[in-house]
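Coordinate analysis (summary)
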Amino acid sequence: MLEFAALTYGVLASFVLASISSNKRANRENPRVVTLCGWGLMAFSLTLSLLLSGWVVYTSIGGGFTL
């Protein structure tokens, strides 16, 4: 499942970056859906990095949790 999520994220990020680059070269404005998808990917990346950083800090100070 993680592989599928990573592949999907990579494909979406590549599409957004390629679209933005192409539009910039053609001196066009980006469509709203590309802008929103880019902002969504950025927010997802930031949230995931903060959550994972918090988990690393928590476990490094000796914290543990039971499920």
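Structure report, in brief. (Residues numbered from 1 in each chain as written. Predicted model: local features only at pLDDT ≥ 70, side-chain atom pairs only at ≥ 80, totals over all residues. Heavy atoms only, no water.)

**As for the side chain of Asn-23**
For clarity, the threshold we go by: Only DSSP runs of H or I with at least four residues qualify as helices, and only runs of E with at least two residues qualify as strands; both kinds are numbered from the N terminus onward. Note on classification: 1.4 Å probe, protein chains only; a residue is buried when its accessible area is under 20% of the maximum for its type, exposed when over 50%, partly exposed between these limits. We define a polar contact as two N or O atoms separated by no more than 3.5 Å, with the added condition that, inside protein, one atom must be a possible hydrogen donor and the other a possible acceptor, whereas residues neighbouring each other in sequence contribute only through side-chain atom pairs. It only takes one pair of heavy atoms within 4.5 Å for two residues to be counted as in contact.
Here Asn-23 shows up in helix 1 (residues 2–25). Classification of Asn-23 as buried rests on a relative accessible area of 8%. Side-chain polar atoms of Asn-23 contact the side chain of Asn-30, separated by 2.9 Å. Dropping the residues within four chain positions of it, Asn-23 is found in contact with Arg-28, Glu-29, Asn-30 and Pro-31.

**So, helix 2 (residues 32–60)**
Note the cut-off: A helix is expected to span 1.5 Å for every residue after the first.
The end-to-end C-alpha distance of helix 2 is 42 Å, a good match for the 42 Å that 29 residues give at a rise of 1.5 Å each. Positive phi shows up at Gly-62, right after helix 2, with a value of about 100°.

By themselves these figures say nothing about function.
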